[in-house]
Every structure is written in structure tokens, then in C-alpha cells.
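What follows is each chain in one-letter form.
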Amino acid sequence: MTFSGLDEGRSGLGRSLVERKILTSDWIPSYAAVSRADFLPELMWPYDMDTGTTVAVDWRQEPGLWRSYADLDVPIVTQWDDRAGEERGEVPTSSVSMPSVVFRMLRDLDVRAGQRVLEIGTGTGWNAALLAHRLGADNVVSIEIDATVAAAARDRLACLGLRPQVLSRDGVEGDEPGAPYDRIIATAGVRSVPPAWISQVRPGGLILAPWGTHYTNQDALVRLQVAEDGKSASGAFMGPVEFMKLRSHRLPFAGHDLYVPDGVSGADRSTTDVTEEQLLGGDQFAVTSFVVGLRVRGCYRQVAAERNGSRPVWFYGLGDRSWACVMLRDSDTEAQVWQSGPRRLFDEVSAALDWWRKVGEPGYERFGLTVTQEGQRAWLDEPMDAWDL
């Protein structure tokens, strides 16, 4: 197990990934042969862990800094606002994931020699290149909805002598002409697993995807095994991640002003003893946020910035104009609650948190997902105890 011949940055990252049991021995040759730097544009926007923001880095002006970011375990934005160009936009819409996430997913994909893989979300092409190096280009097909991004990925792959098929289309449709596949791996977040994916994987095959609800932007990696009859897939969640979403799965939020045009004065008022820690958790991947998303259907949460010791947390119903607001204050033992509309959204959120505590505060790994042609259901510990999503 060696990284001799690689530059210091790549060899150091590789050793770190091996020590953390993320980069497994069967993927080391592909890691060594396929550099992430070969798939990055001259101008890119790495995520700075210290500041929590993206920073513009241009190889033409700062080649040393560019190279150092290419070999760091950070995600890198490569496109904004679904358009080509060299200006930073409002919303990141294409990126290359941090290497620890890439190799964690490849590890969990559990591919074997001779298997065929369909990738949803080509992006820069790095992940497709790793798969093609390991399995052979003829066994890998990748789908990218953005024609410009797909063309750039094809060019980068060809420069390395790797030519997996890259299709420019909506990944929701999968690739029926190329089916059946042994594995599908999605590198974009989904809010429902497309039925087409199930029908395009062999019985016993796997679908690995970042899945989540509209409650927050977070995802959890789910690994589904297709049933022997080919009509359903089921499996457990493997832990939190966060990806850009498939275009058709992006949040359908109409905006705060359409929900609360006249302020909170006319809403029903109450108080709650739910704390900020219980409601928001300690970080962006708090399991409580994941659980509430599973239990409270069609709800979007938005956390406002803290001002003068107060932090409003808003909840919006995505199927109607119901809304709720909780005003968290550092100095208060109880928080003010406002609710309006046919649903009492905060009551639903509070009930979901109560349920989570009563069942022993389970983590991600105890939850699972079952998907059929008719819909999807979440479950705790056993698929037979599932509820509709």
C-alpha cells in the first residue's frame, strides 16, 4: 500500500483517507492513477473550512494555491446558476465533492470486476474516471443534464484515455437502452428515488444515492438493494452528506412573503419549552433535523440569522400556505410560537421530536427507506414498521 510517485499533497491526502478507512485497498490504484486536479477548471471556487465560504482560485494567477486546494479534502464549486462563465453567481449548481465523500461512496457501492455502473450526475467527470479505471470504460455510463458540463467532462476523460459513455439528459430517466445495470450511483441529491432507477438495476443490485426531504438541504446516503422481483428496493441509511440536488428535485419554495404577507399579528400564539439544541441540533447534520424531515411531510424549515440574542426559526407548508415561527431567545426558558393555516406545523415538529426521544434517540443508521413504483416509505429498524413519505 504505497503512494510513491505522487506529489506531497496527493500522497498525504491518500494516506489520510486510508487511515480513516475511507480509501480501501481496491480503490488505491484508481486514486493513484486519476488525479482530481485533472478534472478541475482553471477558475474554481473551493470551500474554505475556516471561513465557511467559497473562495475564487484561478490557476492562471495562483497556480500554487490552485494546486494546494485541488489536493485538499474540500468540495469545489465549478458552476453557478446553471450557466457557464467565470463569474461567481448566487447558487452553486455543479461541483466536485470532497475526496473523502467520493471514496466513501465508492467504498459503499461495493463494485466487483465485470459489473456495470450507471452514474447520475457526471459533473467534472472525476468520479466517472475513477469508476472507468477500476471497471473499464465499457462498463460505465454517466448522465449529466447540462450539455456544457457534459461536453467538458468528455474532453477531460478523453485526455486521460478514459472514454466511458457520457449522456446529456435528465438523470431522473436513467438509461433504459443500456439497462440492466448492477449498480446506480447518484452524485446529486434526490428527494425521491425515481422508479426508473429500480427497473434499470438487476435484482439484487444496488442503488446508492444522497436522499433527503425538503425540510432542510441536508441529505443522508442510502443504499438500496433491488428486490428479486425487480419491483422495489429497500435499505438502510449510512450517514449524513450534502449534495446539490437534481434540477427537478430542488426546493419548490414560493418565498416568505407569500406565506406571511402581513406579519405574525393575526396568527395563533403559544409558547414552547423546546430548546434551540433540540430543534436545531449542534451542527448542519443534526439527526433531529433528519428525523423531523422524515416525520413531518411537506415542510420546509428556514433558520434566520441571530440578532440581539434572538433567532427566529420558520416553518412553511409546501402543500398549502401554512406556516409557523418559533422565536428562540438566549435569556428565555420558553419560546414564543406563532402558527397559521390549516396545519399546525410547529405542533407536528414538536410531536416528531417527542417521538424520536421516546424511541431511544436513534441515529441515522437505524433508519431505512423502501421504494416501490407507487412511492416511498421510511422505517425505523424494520421495513415492516414503515410510514409513507
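These numbers were taken from a predicted model, which means no experiment stands behind them. (Residues numbered from 1 in each chain as written. Predicted model: local features only at pLDDT ≥ 70, side-chain atom pairs only at ≥ 80, totals over all residues. Heavy atoms only, no water.)

Quick look at the environment of Ile198
Condition: Only DSSP runs of H or I covering at least 4 residues are called helices, and only runs of E covering at least 2 are called strands; the numbering of each starts at the N terminus. Partly exposed residues are those whose accessible area sits between 20% and 50% of the maximum for their type, while under 20% is buried and over 50% is exposed, using a 1.4 Å probe and protein chains only. In what follows, a contact means two residues having at least one pair of non-hydrogen atoms within 4.5 Å.
Inspection of the secondary structure puts Ile198 in helix H7 (residues 195-199). Judged by relative accessible area, Ile198 falls into the buried class, the value being 0%. Those residues within four positions of Ile198 in sequence are excluded, and the remaining contacts are Ile207, Val226, Gly230, Lys231, Ser232, Ala233, Val371, Thr372 and Gln373.

Concerning unusual backbone geometry
Negative phi values dominate among residues other than glycine, just as trans dominates among peptide bonds. The linkage connecting Ala179 with the following residue, Pro180, adopts the cis geometry, with an omega of 5 degrees. Mapped onto the elements of the fold, Pro180 is located in the loop between strand S8 (165-168) and strand S9 (181-186). Unusually for a residue other than glycine, Lys21 sits at a positive phi of about 60 degrees. Since its relative accessible area comes to 63%, Lys21 is described here as exposed. Even without a glycine there, the phi angle at Asn308 is positive, about 55 degrees. Positionally, Asn308 belongs in the loop between strand S14 (299-303) and strand S15 (310-317). For Asn308, a relative accessible area of 81% puts it in the exposed group.

Observations concerning the pattern of salt bridges
Put simply, the rule reads: For salt bridges, the criterion is a side-chain nitrogen of Lys or Arg within 4 Å of an Asp or Glu carboxyl oxygen.
Evaluated as defined, the whole model comprises 24 salt bridges. Salt-bridge contacts for Arg60 lead to Glu42; the nearest nitrogen and oxygen are separated by 3.4 Å. One end of the pair, Arg60, is in the loop between strand S3 (57-58) and helix H3 (63-70); the other, Glu42, is in the loop between helix H2 (28-33) and strand S1 (43-48), with 18 residues separating them in the sequence. Relative accessible area serves as the criterion here: at 43%, Arg60 is assigned to the partly exposed category. Its salt-bridge partner being Arg377, residue Asp388 comes within 2.8 Å of it at the nearest N-O pair. Separated by eleven residues along the polypeptide, Asp388 in strand S20 (residues 387-388) and Arg377 in strand S19 (residues 376-380) bring together distant segments of the chain. Judged by relative accessible area, Arg377 falls into the partly exposed class, the value being 36%. In the salt-bridge network here, residues are joined through shared partners; they are Glu42, Asp58, Arg60 and Glu86.

A few points about the packing of aromatic side chains
Geometrically, a pair of aromatic rings is defined through the distance of the ring centres and the angle of the planes. Heads up, the condition is: Only rings of Phe, Tyr and Trp enter the pairing, Trp through its six-membered ring, and a pair is recorded when the two centres are within 6.5 Å. The plane angle decides the type: under 30 degrees is stacked, over 60 is edge-to-face, the rest tilted. The rule is short: NZ of Lys or CZ of Arg within 6 Å of the ring centre and within 35 degrees of the ring normal puts a charge over the ring.
Evaluated as defined, the whole model comprises 19 aromatic pairs. Look at Trp45 and Trp80: their rings are 5.9 Å apart centre to centre, the planes differ by 90 degrees, and that puts the pair in the edge-to-face class. You can see Trp45 sitting in strand S1 and its partner Trp80 sitting in strand S4 (residues 76-80), a full 35 residues away along the chain. Overall, Trp45 belongs to the buried group, its relative accessible area being 4%. Note on Trp314 and Trp323: the rings are 5.7 Å apart at their centroids and 45 degrees apart in plane angle, and the pair reads as tilted. What makes Trp314 buried here is its relative accessible area of 13%. An aromatic cluster is present here, built from Trp211, Phe237, Phe290, Trp355, Tyr364, Phe367 and Trp387 joined pairwise through their rings. Over the ring of Trp387 we find Arg295; its NZ or CZ atom is 4.5 Å from the centre of that ring.

A few points about the pairing of strand S6 (residues 117-120)
Formally: Being paired, for any two strands, means DSSP has found at least two bridges between them. The crossover handedness rule: strands pointing away from the viewer, path from first strand over the helix to second strand clockwise, crossover right-handed.
Along S6, one buried face is formed by Val117 and Glu119 and the opposite face, lined by Leu118 and Ile120, is buried too. With four bridges joining them, S6 and strand S7 (residues 140-144) adopt parallel strand pairing. The residue of S7 that forms the bridge with Glu119 is Ser142. Once you follow S6 into helix H5 (residues 126-135) and on to S7, the crossover reads as right-handed. Pairing of S6 with S9 involves four bridges; the strand directions are parallel. Looking at the pairing, Val117 lines up with Arg183 of S9.

Some points on the sheet that holds strand S17 (residues 335-340)
Rule in force here: Each axis is a line fitted through C-alpha atoms, taken for helices only over the stretch in contact, and angles between the N-to-C directions span 0 to 180 degrees.
Spatially, five strands are ordered S13-S17-S16-S15-S14 in an open sheet, and the strand pairing comes out antiparallel. Two strands in the sheet have a free side with no partner beyond their single neighbour: strand S13 (268-272) and S14. Between one strand axis and the next, the sheet turns by 20 degrees as a mean value, whatever way the strands run. Where strand S16 (residues 323-329) meets S17, five bridges bridge the pair, whose relative direction is antiparallel. The residue bridging Met327 from the neighbouring strand is Gln336, located in S17. Together, S13, S14, S15, S16 and S17 form the strand contacts of helix H11 (residues 345-358), whose direction differs from that of S15 by roughly 100 degrees.

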